[in-house]
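# What the coordinates show
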Amino acid sequence: MDHVGVVVDDLTAAIAFFTELGMELEGEAPVEGRWVDRVVGLDNVRVDIAMMRTPDGHGRLELTKFHTPTAVSAGPENAPANTLGIRRIMFAVDDIEDVLARLRTHGAELVGELERYEDSYRLCYVRGPEGLIIALAEQLG
């Protein structure tokens, strides 16, 4: 897999959120032109993108802000975890309590509760920018 794309309304806030999660900004660029119109199947596309990379360099997330055409909502604003489609992106973290505290400063809220799975993990779901669910997993032991 090369990357996962996420459409956002506030690109600056999304970059700050994922930076706080430990991702690194690889680059930002405006994208427009007939070639992108043909690729995405829309007319007059004008977007700004930010490519974020995991610290190990193996995972990337493309954050996209549509200027034209205007982005549309595909469902309820804060869709529950059982809504069809991509619902969450999971990140491995070293200290889940610390990450939660830092993400809360960016408006993140727990979806459920922080729970322990056997003697293996501490896990939780957090609602981040644009209602996206981010799962956090701290390996124990």
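Right, let's walk through the structure included here.

The rules behind these values
- Residues numbered from 1 in each chain as written.
- Predicted model: local features only at pLDDT ≥ 70, side-chain atom pairs only at ≥ 80, totals over all residues.
- Heavy atoms only, no water.
- Helix = DSSP H or I, 4+ residues; strand = E, 2+ residues; numbered from the N terminus.
- Rg over C-alpha atoms; globule rule 2.2 N^0.38 Å.
- Contact = heavy atoms within 4.5 Å.
- Areas by Shrake-Rupley, 256 points an atom, 1.4 Å probe, with all protein chains shown as cover.
- Lys, Arg positive; Asp, Glu negative; His and termini not counted.
- Charge placed at Lys NZ, Arg CZ, Asp CG, Glu CD.
- Buried < 20%, exposed > 50% of the residue type's maximum accessible area, 1.4 Å probe, protein only.
- Salt bridge = Lys/Arg side-chain N within 4 Å of Asp/Glu carboxyl O.
- Polar contact = N/O pair within 3.5 Å; in protein donor to acceptor, adjacent residues only side chain to side chain.
- Pairing = 2+ DSSP bridges.
- Axes fitted to C-alpha atoms, helices over the stretch in contact; angles between N-to-C directions.
- 1 Å grid on protein atoms, 1.4 Å probe; cavity = no way out; pocket = protein on both sides within 12 Å on 5 of 7 lines; lining within 4 Å.
- Points joined across faces, edges and corners; volume = space filled by probe spheres on them.
- Nonpolar A, V, L, I, M, F, W, Y, C, P; charged D, E, K, R; others polar.

Once that is clear, we can look at the overall build of the chain. Secondary structure assignment for the chain yields 3 helices and 9 strands. Relative to the 2.2 N^0.38 estimate, which gives 14 Å for 141 residues, the radius of gyration of the chain is 16 Å and therefore close to what a compact globule would have. In the chain, 54% of the contacts between residues at least 6 apart in sequence involve partners at least 24 apart. Element-wise, carbon and sulfur atoms account for 50% of the exposed surface of the chain, whose accessible area totals about 8,800 Å². Each charge sign in the chain was given a centre, from 13 positive and 25 negative side chains, and these centres are 4 Å apart.

This part takes up the side chain of E62. Mapped onto the elements of the fold, E62 is located in strand β4 (residues 60-68). One buried charge, E62, has no salt-bridge partner; the nearest side chain with opposite charge is R60, at 7.1 Å. A distance of 3.4 Å separates the side chain of E62 from the side chain of H3, its partner in a polar contact. For E62, the side chain forms a polar contact with the side chain of T64, separated by 3.1 Å. Not counting residues up to four positions away in its chain, the partners in contact with E62 are H3, V4, G5, V6, I49, A50 and M51.

Glancing now at the sheet that holds strand β3 (residues 46-53). Sheet strands pair via backbone hydrogen bonds, and the direction of the pair is either parallel or antiparallel. Strands sit in the order β1-β4-β3-β2 across an open sheet of 4 strands; the sheet is mixed. The open sheet has two free edges, formed respectively by β1 (4-7) and β2 (24-32), since each of these has just one partner strand. For this sheet, the mean inter-axis angle between neighbouring strands, taken without regard to orientation, is 20 degrees. Bridge count for β3 against β4 is 8 bridges, and the pairing is antiparallel. Following the sheet pairing, V47 is matched in β4 by F66.

In terms of burial, strand β9 (residues 133-139) is largely enclosed, as 6 of its 7 residues are buried. Sheet topology places strand β5 (residues 88-93) next to β9; 6 bridges connect them, and they run parallel. Bridging from a neighbouring strand, V93 pairs with E138 of β9. Here strand β8 (residues 121-127) runs beside β9; their pairing, made up of 7 bridges, is antiparallel.

What follows covers the layout of surface pockets. Estimates place the volume of the largest pocket at around 1,100 Å³. Contributing to the lining of the largest pocket are 36 residues, with V7, V72, S73, A74 and E130 lying nearest its centre. For the lining of the largest pocket, the secondary structure elements donating two or more residues are β1 and β4. Counting residues per element, the lining of the largest pocket draws most heavily on β4, which supplies 5 residues. In terms of residue class, the lining of the largest pocket is built from 17 nonpolar, 11 polar and 8 charged. Along the wall of the second largest pocket there are 15 residues; nearest its centre are L21, F91, A92, V93 and D94. Broken down by secondary-structure element, the contributors of at least two residues to the lining of the second largest pocket are β5, α3 (96-104) and β9. Here the lining of the second largest pocket gets 3 residues from one element, more than from any other, and that element is β5.

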